[in-house]
Structure formats: structure tokens, C-alpha cells
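Architecture and fold: a report
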Amino acid sequence: MKILIKNGHVVDPRNKIDGVVDILIENDRIKKVFKKSDVKADREIDAKGKIVAPGFIDMHVHLRQPGYEYKETIETGLRAAAKGGFTGVCPMPNTNPVADRRSDMEFMIGEARRLSLVNLWPVGAVTLKQEGKELTEFGELKKGGAMALSDDGRPITDSQILRRALEYAKKFDLTILAHCQDEGLFCGGCMHEGFISTRLGLAGIPAEAESAEVARDIQLANLTGGKLHFCHISSKKSLDLIREAKKRGSLVTAETCPHYFHLTDAAVLGYNTNAKMNPPLRTREDVEAVKLSLKDGTIDTIATDHAPHSESEKASEFDQAPFGIIGLETSLALSLDLVAEKVLTMSGLVEKMSLAPAKILGLDRGHLSEGAVADITILDPTQQWVVDATKFESKSKNSPFLGWKVKGRATDVFCAGRQVLKDGEIV
Amino acid sequence: MTEIRIQKTEDRERKKTWVRKDLLSVEELSKEEIKLVLDTAESFKEVSSRDVKKVPALRGKTIANLFFEPSTRTRTSFELAAKRLSADIINFSASGSSTSKGESLSDTAKNIEAMHVDTIVMRHPSSGSAEVLSRCVKAGIVNAGDGIHEHPTQGLLDLFTIREKKKNLEGIRVCLVGDILHSRVARSNIWGLVKMGAKVTVCGPPTLIPAKIEELGVEVCYDLDKAVKDQDVLNILRIQLERQRGAFFPSIREYAAEYGISSERLKKAKPDVVIMHPGPVNRGVELSSAVADGKHSVILDQVTNGVAIRMAVLFLTTMVDSDPIRHPEQASVSERVEGSS
């Protein structure tokens, strides 16, 4: 089976392609990348006016299966991913039971294979039951398909445990994805600590709850030489620390999420539980710092922290409602705003959504080299649409962006040469 | 006579100024609305001193007290207020209702509403619960304390009491003392006092002063001996040990020494200073017994005025039903969108 994607504007940061070229897919691989082809193919796709990019990777999602199927399943989550233009996602291990064994990895990957949607690269727990006490079997997890390790949602408070994890993970070349949160400073908070939390009478979480832990983790990464990646960074204070660490040669990497460069804590006004996530939305100054850090490379990748919750859970009192919002289906459009605002070039954005996460995970993806696996996202950067809860593939609707008019959407997604999204609909 | 005066003289004015089925916070009230509540309460205050303590203002209306936190004073005050207005009032408390069986707040409220209750008076441990509830039921909601957010009727009765004792609110110097961080009474007082032109200072241990409180237009002081000096009113907040996570101050003993009002400390204050406390008083902690029972104290006037304020609030919110703006949530939605950009 040969598929020719022609007339599209191909953006491939690794191969420094940024112009109109054609791509020939043969079976699961990219066969050829060339100008003005006259090759015969079984199918031709005219991508005129569209961007053709390496398949996007979201290295931070929650798919909720097993244990919380009422929020999301692997199927609905992967459908949401495909719809959002992603060819691969990394689900975090905070399922029930916690994904801390090889069989948990195998279960998730098996489900994804059966569904034949997009890639699922699971993240295994760092410690048993994410309790922060005993290490999981990193080797077994890796054999089962774990692409990285994390206790996401729960910080590893014992510095010695994190040190051992970073050291031991070196043997398996696994990255530890750190959810930075000083539990003492967090102290039952439910939004950013500032004027708005004072007004609303909600317990605040200071930015230092994140940055204090970032500071510690940089020290541990430097001490051990282990691979450490910072999840969902939200504050200027953390970013200043990460920038400085990178300048000094530290190998740490970092991600942020679209809500941290679009929203401030003012979105919580009216006790909007769809603006409740952890870390919390912060100030205008932090939003600007996130954008600057995307521009200067302090932040390597954009993830979503896609965190589905049921409507009744989010309908409860603000302090009782769970943290988290969904993001897979809005991430691309919200991130394209960065290109419109000239924070990033199109190539820069594509890199942050494909090549960068692949590199952090040690995956040979995120590029369109000849011979590479044909994971490809085609997007229409001009298509305007309105975020509508009834149109989500995700089982949950908890988004603070409902009703937003946005621009840009994935139209076609190929996963190992197999089309999973066609004209914006799941195949 | 009172009801006739309210019905006739003030009816037009009231309908123009008051369009709320809910009282969720003092923050949402304008200066004119606050003044209307205080003036309405003044008319109602006289009712409580009559031999027959009842007017038919809310005859045929049903009010529900929905309390998710233990409360005797506030609940009783609302109950008396409703009864003096001839409304029927029923009491729900969390322990006796189905919330302990996992029913959600909106389910509980909708069930109460299905019995055709006109106004729900709610106290709840979560900040914002009153506002959230007001969006899912048609009945009026009167916030009787939501978490550490606001306690609007307490704020209004404090304003009423200050106005009564000092004849004015404009330019009056008021110091709120104690645990500002966990105090819904403080937030309601600050909003109301600042709107009415009073000068507000908050004084307490630095650990109990919330972030950026000065942006509400108040001064912050950590030293009570300095703070008491030129105040017209000292409103002393209750230390709510049950609300505090972690150590905000080392001991009750040290708290009393640094932030308690004793006769000794009171000598530094103006001779006509008024001492207020929302109750119940931890005697020997926030106030010495001598001060609590002394000539500066207006604590029992606050209790008396509380009934009048709650009569005014129940009257205004329950009688608004023919007025157009029934859904103030629209305001908060647009505010949210603004904040989201």
C-alpha cells in the first residue's frame, strides 16, 4: 500500500525541512520525501494549504483505565488523542490499581493494539503503589513496554528515594517524570495563592510549592546524572531555576501545558471547577514567563496533562472537586496561538510537540526521515472552530476552554502508515 | 404600622434598588444595596421589641435552614427572623439529612426546592458553595457562611451595629483582630466597611493574614498595641481552632498575650472605643471576661441586631420574586470569560 501526501507544507525540524514537498508512505514506513513527485501511489492525499508534520506526541495524559472507566477508557482516550492530532500518548500510572508492574504495562499496550488507534507508550510508577517508599522493578517495567517512570500526582517526598530512583534508572535509560510539589507548602490548597484565593476564601498553593521541589530535583539530577523531566511547569520561579540549571549544563528537561500559557487564576472566579488543576493556574507574570521559556528553550515540550473527570465530580464544591482538565482535543489549536503570537515559529511548535518529547523518551519518532515509521499529523492551521462539550471524543467534558473560538485543527493522522483520522473524523 | 410603612413608602425604592433572589456575599453588593439592607433592618428592629413580635410580611412563604456545619446562634437567629416575618421555616442539618449517604449538595437542595421552598438559608464548610448552589436551584439562596469565604449577614449586622453606635460608617476606623485568614466574618466586614467608606485595619499574627489582603483596601498591622490606638471599633474575631491546619501560632497562651484584649490593653484605645465579637467568645483568649462584659462591649447588641438584619435580608430576597434579574450567575459567567482570556 502506497500513500502519497502531496502539495503539503512539510515541517520536519530534525531534517530542517520547512516547505512544500511530497511524502510517499509505503506500508508502515516513510519511503521517500521529495519535490514534485510523479510517483504512482494507491492513494493520493492533497494537503495543499496544510501543514504536514511528524506525528504529535503527548507525553503526559491520564487514560483512567483500569479503575476509573467512568472518567475515560483507553479507547475514548486514544480516540481523543487521534482527534487532537496525536500519534502517541504516554498515560500516567495513577490508575487503580497503580500501574507498577510489568503486567500493567502489557495490559495497556495490549488494549491499544487491539483498538488499533494511536500509539500508547505507558509510564510505569517509580514506587510501589506510588507511595514513595519502595522502588518498582524498573527492568521488568521496561520489558513490559514502560517508556518512562513517574509517580505523577504524588511527589516523591523522600529525597533519598528519588536519588536512588534516578541512579537506578540509568541502567535502563529511563527518564523520571517529576511532579514537583512540596507537600508541606501545598497543604491542602486548591488554587494559586494570591489575591483571588484570598477573595474567594480558597486555600492557596504558593508558586514556591512547585519551585522549592524543582530546586531540590535539579540538585538530585545533577548529583546522580539521571534523566529527569519536569512535568507541567506552571510558575516563573520554577522556570528561572530550570533555565539557570540548563545554562550550567544540567540535562533536565521540562514540559508545560496549554492552560499555563492561556489562563490565569482569574479563571477560577465564580468557583469554576474546570479551572481547578494541579499545579494551579497562576498569574499573568507566570503566563508570560511560560511563553518566554517556550521561546528560549527552557521548556522543551508541550504536554496536556489530560485529566478526565466526570461531570458530577466536577459539579461538587470547589474545594471538594478533583484537580485536572482534559486537553487532548484542544491542545493543538491552543498551541497554534503561540505561532500567531510569534512566540514560536511553526517549526518550533512542531518540534515541541513531536521531536522533543520523542527525544526525552528515547523514542525514534518525531521526524519524517526516509525509512522512519510513518507517524504523521496533517493539520489545517486556518480552520476555525468552537470548543463544544458535545463534540469531544473524550468521555469527560471538564475543559475551561468550552465555548472558545479557536483556530487550527488536525485533519488527518497516520499511525505507522495507517490512517486513523480522516478529514477530522476518526476512521 | 411598620409593615405598612415598608409596603408603601419604601416599596418603590426597594424594588428599584434590590433585584437579588440571593444574598451570596457582601462583595457583590453595591453601597446602595448595603444601605437598603441596613435601613430595612432598622424598620424591622422595632418589631422585636413589641409585645406581639410578628408582622405578616412573609406570610405564606417557606424558608429552609440548610446547615452543613453545626451552628446554634446563626440558625436560631434566622429562625427567629423568619418567624417574626410570619414565614414557615424548616430546619435541615447535615447529620440528619441524606448528605451523609453521599447525596450531592445540589441534589439535596433540589429536593428541598421540590417541596416549594422559597428561600434556602445555607451554611456549608466549602467556600463558594452558596454561589454554586444558586446556579442550580430556582429558590433564593441566603449564604449563612460558606467555608472561609463570606458570612454576609454577620458582616451586615456588624455594619448595622457600628452605624447604630457611631451614627455613621464613613470615615470610621475599624480594626479586625485575630485570625483573618480563616475568617468569613472578616471578609464580609472588609467588603462592607470599605464600600461604606470606613478605614479598615487588620491585625493578627503574620501567619493568619491572607496573601495580598491589602489589595482589598485595608491596612495590615501585626502589633495590636499599635493598632488599637486610634480605632473607633475593635472587631475581635474568634479563634477557630477547628479550621486551622498546622501550627499558625505556638500556643493559646501566647496568642492571648499578643492578640487578646485585656483591660490593660484597652487603656491604650480611645475612651469611646466599641468592642465587637461575632461570638461565641473564647473568654480569656480573644477577650478577657472583664472586657467582654464591660462598658465598651456591644456583643449582645450584635446578637439583637442580627435578628433585624436577617429579617431584612429574608424579606428582600424572598419578596424579589416578581423582579427581572433572577439569575445573577450570568454576571459571574461573563467575569469568568474575562478572566480566561
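Please read all numbers here as calculations on a predicted model, not as lab measurements.

Observations regarding the domain arrangement of chain A
Residues and elements named next belong to chain A. Taken domain by domain, chain A holds domain 1 (2-51 + 372-426) and domain 2 (54-361). A separation of 25 Å is found between the C-alpha centroids of domain 1 and domain 2. Each side of the interface is counted separately: domain 1 has 40 residues, and domain 2 has 47 residues. Of the roughly 3,500 Å² buried between domain 1 and domain 2 on both sides combined, carbon and sulfur atoms contribute 65%. A salt bridge links lysine 83 to glutamate 425; its shortest N-O distance comes to 3.9 Å. For the pair domain 1 and domain 2, the number of links is 20 residue pairs in polar contact (both at pLDDT 80 or more). Put simply, the parts of the chain that give the side of domain 1 that touches domain 2 at least two residues each are β2 (9-12), β19 (376-386), β20 (405-415), β21 (418-422) and β22 (425-426).

Structural notes on the interface of chain A and chain B
Much of the literature gives interface size as the accessible area that the parts lose upon coming together. In this assembly, 25 residues from chain A lie in contact with 29 residues from chain B. Between chain A and chain B lies a buried interface of about 2,100 Å² when both sides are counted; carbon and sulfur atoms form 54% of it. Where chain A touches chain B, the interface holds one salt bridge. Measuring nitrogen to oxygen at the nearest pair gives 2.6 Å for the salt bridge that ties glutamate 27 of chain B to arginine 199 of chain A. Where chain A packs against chain B, one counts eight residue pairs in polar contact (both at pLDDT 80 or more). Considering every element that reaches the side of chain A that touches chain B, the biggest residue donor is helix α6 (residues 195-200) of chain A, with four residues. A breakdown of the residues in the side of chain A that touches chain B according to their chemical character gives 11 nonpolar, nine polar and five charged.

Section: the pattern of salt bridges
Residues and elements named next belong to chain B. Per the counting criterion, the structure on display carries 50 salt bridges over all chains. Close ionic contact of glutamate 46 with arginine 50 constitutes a salt bridge, the shortest N to O distance being 3.2 Å. Residue glutamate 46 is classed as partly exposed on the basis of its relative accessible area of 37%. Across the pair arginine 184 and glutamate 69 runs a salt bridge, and its minimum N-O distance is 3.1 Å. Remark: glutamate 69 occurs in the loop between β1 (62-67) and α4 (73-84) and arginine 184 occurs in helix α8 (residues 184-195); sequence separation between them is 115 residues. We note that arginine 184, like glutamate 69, is buried.

Thoughts on the sheet that holds β19 of chain A
Each strand in a sheet pairs with its neighbour through backbone hydrogen bonds, running either in the same direction (parallel) or in the opposite one (antiparallel). Residues and elements named next belong to chain A. Sheet architecture is open: seven strands sit in the order β3-β2-β7-β19-β20-β21-β22, paired in mixed fashion. Edge positions in the sheet fall to β3 (17-20) and β22, since each has one partner strand and no second. Here β20 pairs with β21 via three bridges, running antiparallel. Pairing of cysteine 415 across the sheet is with arginine 418, part of β21. The strands touched by helix α12 (residues 331-340) are β19 and β20; relative to β20, the strand with the most contacts, the crossing angle is about 120°. In this fold helix α13 (residues 346-361) packs onto β2, β3, β7 (51-54) and β19, with an angle of close to 35° to the strand it touches most, β7.

The rules behind these values
Residues numbered from 1 in each chain as written. Chains lettered and ligands numbered in written order. Predicted model: local features only at pLDDT ≥ 70, side-chain atom pairs only at ≥ 80, totals over all residues. Heavy atoms only, no water. Domains from an automatic or database assignment. Contact = heavy atoms within 4.5 Å. Buried area = accessible area lost by both parts, 1.4 Å probe. Salt bridge = Lys/Arg side-chain N within 4 Å of Asp/Glu carboxyl O. Polar contact = N/O pair within 3.5 Å; in protein donor to acceptor, adjacent residues only side chain to side chain. Helix = DSSP H or I, 4+ residues; strand = E, 2+ residues; numbered from the N terminus. Nonpolar A, V, L, I, M, F, W, Y, C, P; charged D, E, K, R; others polar. Buried < 20%, exposed > 50% of the residue type's maximum accessible area, 1.4 Å probe, protein only. Pairing = 2+ DSSP bridges. Axes fitted to C-alpha atoms, helices over the stretch in contact; angles between N-to-C directions.

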